[in-house]
Amino acid sequence: MNEQRRQILQMLAEGKITADEAERLLTAVETVEEPDAAPARGKARPKYLRLIVDANDEHSGETKVNIRVPLKLLRAGMRLAVFVPPQALERANQELVKQGVPIDLTEIKPNQLEDLVDALDDLTLDVDQTDTKVRIYCE
Amino acid sequence: MMPQLVTARWRRRDGRRRRLFLPVVPIVLLLSPLLVFTVIGGIVACLMYGLPPLRTLAGVGRLFGALPGARFEFEQGRTAVFVSVR
């Protein structure tokens, strides 16, 4: 645990700041820290998320989709999600419950989202049907 | 790094191809007066919703800076679209 985090937790323990303020400060500290500062692995870390769809439908003919999304873009988007107003999250929660998906979006923390994007490095998804092929992987 | 060039290519149903190169920096400079109003509008919206304007602006900037390398390619029948950000 670094010194800044320790100080924030200390202030929280002493009641100088609220839990919400502490969370914001911790998020700010994480933002300042370089995300790629993790110990170097043997292989190079993937930079892009790739989605390839190859479908052949009788109605619309052959369809090809090839999308490359930088993982940095995903991380930046996830960080921006922190700024979604709580009232918007509440509304989204209500709509999700209506659709039968009881997920509480307010419980999802920025750290968890970061971990999710980091875990994408090892993701490979292959769907192979007779007329459709979908491949999602990191490169 | 800020995006430098956006390339868009598309092929219409009749088989005609079109290409469009958008140099981002000159376009941003050209639209800078409008951008000032956009930023002011964004700050007002942030204050209305109780968000920290500077951090939100930094987040949007980071999102914009992470765009290079993004690529989108779609092809169906005789129609095709390709967009790339460098």
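Note that the coordinates shown come from a computational prediction; the quantities given were computed from them, not determined experimentally. (Residues numbered from 1 in each chain as written. Chains lettered and ligands numbered in written order. Predicted model: local features only at pLDDT ≥ 70, side-chain atom pairs only at ≥ 80, totals over all residues. Heavy atoms only, no water.)

## Some remarks on the domain arrangement of chain A
Segmenting chain A into domains produces domain 1 (1–34) and domain 2 (44–139). Placing a centre on the C-alpha atoms of domain 1 of chain A and another on those of domain 2 of chain A gives a separation of 29 Å. (Domains from an automatic or database assignment.)

## Focus on the environment of A:L49
Residues and elements named next belong to chain A. Topologically, L49 is positioned in strand β1 (residues 48–57). In this structure the C-alpha to C-alpha distance between L49 and A76, which are 27 residues apart in sequence, comes to 14 Å. Not counting residues within four places of it along the chain, the set of residues in contact with L49 comprises I67, R68, V69, L71, L74, L123, I136, Y137 and C138. (Helix = DSSP H or I, 4+ residues; strand = E, 2+ residues; numbered from the N terminus. Contact = heavy atoms within 4.5 Å.)

## A word on the pattern of salt bridges
Residues and elements named next belong to chain A. Summed over all chains, the structure comprises 7 salt bridges over all chains. The partner of R50 in a salt bridge is E139, with the nearest N and O atoms 2.8 Å apart. A residue pair is termed long-range when its members are at least 10 positions apart, and R50 in strand β1 and E139 in the segment after β4 (132–138) qualify at 89 residues. Taking the relative accessible area as the measure of exposure, R50 reaches 14% and is therefore buried. Classification of E139 as partly exposed rests on a relative accessible area of 33%. (Salt bridge = Lys/Arg side-chain N within 4 Å of Asp/Glu carboxyl O. Buried < 20%, exposed > 50% of the residue type's maximum accessible area, 1.4 Å probe, protein only.)

## Some words on the pairing of strand β3 (residues 124–128) of chain A
Residue and element names in this part refer to chain A. Relative to β4, β3 is paired through 5 bridges, and the arrangement is antiparallel. When the bridges of β4 are listed, V127 appears paired with V134. Here β3 folds back onto β4, and the loop between the two strands holds 3 residues. (Pairing = 2+ DSSP bridges.)

## Observations concerning the interface of chain B and chain A
Listed as interface residues are 22 residues of chain B and, on the opposing side, 22 residues of chain A. The largest per-residue losses of area from chain B upon contact with chain A belong to B:R55, B:R62 and B:R71, which jointly make up 26% of the total buried on that side. Connecting chain B to chain A are 0 salt bridges. Joining chain B to chain A, the criterion identifies 6 residue pairs in polar contact (both at pLDDT 80 or more). (Buried area = accessible area lost by both parts, 1.4 Å probe. Polar contact = N/O pair within 3.5 Å; in protein donor to acceptor, adjacent residues only side chain to side chain.)

## Brief notes about the side chain of A:N93
For A:N93, the position within the fold is in helix α4 (residues 86–98). Setting aside residues no more than four positions away along its own chain, A:N93 makes contact with A:I103, A:D104, A:L105 and A:T106.

## Focus: the packing of helix α3 (residues 71–80) of chain A against helix α3 (residues 53–65) of chain B
Where α3(A) meets α3(B), the axes come as close as 8 Å, and the angle between the chain directions of the two elements is 160°. In terms of axis orientation, α3(A) runs roughly antiparallel to α3(B). Judged by the sense of rotation from one axis to the other, the crossing of α3(A) with α3(B) is left-handed. Of the residues in α3(B), those in contact with A:L73, A:A76, A:G77, A:R79 and A:L80 of α3(A) are B:T56, B:G59, B:V60, B:R62 and B:L63. Looking at side-chain class alone, the contact of α3(A) with α3(B) contains 5 nonpolar, 3 polar and 2 charged residues. (Axes fitted to C-alpha atoms, helices over the stretch in contact; angles between N-to-C directions. Parallel < 35°, antiparallel > 145°, perpendicular 65-115°, else oblique. Left-handed = near helix turned anticlockwise from the far one by under 90°. Nonpolar A, V, L, I, M, F, W, Y, C, P; charged D, E, K, R; others polar.)

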